[in-house]
Amino acid sequence: MPRSVNSVASRARRKKVMKQAKGYFGRRKNVWTVAKNAVEKAMVYAYRDRRTKKRNFRSLWITRINAGARMHGMSYSEFMGKVKANNIDLNRKVLADLAMNHPDAFKAVVDKIK
């Protein structure tokens, strides 16, 4: 009995990967083995960097809050400790936005916790 292979599914799988490799440079866009490796590596980077992005943004927010707090004579840790103690439920993203774009609103938060 001859060997049966599902070429329809194989071709569909390859087409999917080749579509993902569209726009790559050189053989990465049109040679199956090279494209497959490039797409796999790209997926690894995408997965990893979705997590890294969260870290980077948190770090940016902390830097901005620290700068805003220091303008009012507080350190970041002191400011965040007092925010938590006074049950102000604003996350770092919102506090950073206030410190950066709405200094008067950030000052109101600082005055409330002092």
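Definitions and cut-offs
- Sequence positions are assigned chain by chain, starting from 1 and proceeding in written order.
- Totals for whole chains, interfaces and linings use every residue, but because this is a predicted model, local features are given only for residues with pLDDT of at least 70 and side-chain atom pairs only at 80 or more, for both listing and counting.
- Side-chain figures throughout are based on the complete set of non-hydrogen atoms in the structure, without hydrogens or water.
- Elements are defined by DSSP. Helices are runs of H or I of four residues or more, strands are runs of E of two residues or more, and each kind is numbered from the N terminus.
- When we talk radius of gyration, it's over C-alpha atoms, and the globule rule is simply 2.2 Å times the number of residues to the 0.38.
- To sort residues, take the accessible area from a 1.4 Å probe on protein chains only and compare it with the maximum for the residue type: under 20% means buried, over 50% means exposed, and anything in between is partly exposed.
- The contact definition used throughout considers only heavy atoms, calling two residues in contact when any of these lie within 4.5 Å.
- Surface accessibility in these figures is a Shrake-Rupley result with a 1.4 Å probe; residues are shielded only by whichever protein chains are displayed.
- Positive charge is attributed to Lys and Arg, negative charge to Asp and Glu, and no charge count is given to His or to the chain ends.
- All charge positions are set by atom: Lys at NZ, Arg at CZ, Asp at CG, Glu at CD.
- Helices are assigned an expected span. That span is 1.5 Å times one less than the residue count.
- The angle between axes fitted to the seven-residue stretch ending at a residue and the seven-residue stretch beginning at it gives the bend at that residue.
- Salt bridges are defined by distance alone: a side-chain nitrogen of Lys or Arg within 4 Å of a carboxyl oxygen of Asp or Glu.

A. Quick peek at the overall build of the chain. Counting its regular elements, the chain contains five helices and zero strands. Secondary structure elements of the chain occur, N-terminal to C-terminal, as α-α-α-α-α. A globule of 114 residues ought to have a C-alpha radius of gyration of about 13 Å, yet the chain, at 25 Å, is considerably larger. Here the C-alpha coordinates of the chain stretch approximately 85 × 35 × 20 Å along the principal axes. Across the 114 residues that make up the chain, the buried fraction comes to 20%. Of all intrachain contacts in the chain linking residues separated by at least 6 positions in sequence, the fraction that spans at least 24 positions is 40%. For the chain, the accessible surface area stands at approximately 8900 Å², while carbon and sulfur atoms represent 55% of it. Of note, the chain has its 29 positive side-chain charges centred 19 Å away from the centre of its 7 negative side-chain charges.

B. Representation of helix 2 (residues 32–71) within the structure. Between the first and last C-alpha of helix 2 there are 57 Å, a value that for 40 residues agrees with the 58 Å anticipated at 1.5 Å per step. Maximum bend of helix 2: about 25°, positioned at aspartate 49. All buried positions along helix 2 are accounted for by Ala35, Ala38, Val39, Ile65, Gly68 and Ala69. Looking at the buried residues of helix 2, the elements they touch are helix 1 (7–20), helix 3 (76–85), helix 4 (92–101) and helix 5 (103–113).

C. Looking closely at the pattern of salt bridges. Scanning all chains against the criterion turns up three salt bridges. The shortest N-O distance in the salt bridge between aspartate 49 and arginine 48 comes to 2.9 Å. Under the relative-accessibility criterion, arginine 48 is labelled partly exposed at 43%. Note that lysine 82 and glutamate 78 form a salt bridge whose closest N and O atoms lie 3.7 Å from each other. Pair noted here: lysine 82 and glutamate 78 are both in helix 3, with a separation of four residues, about one helical turn.

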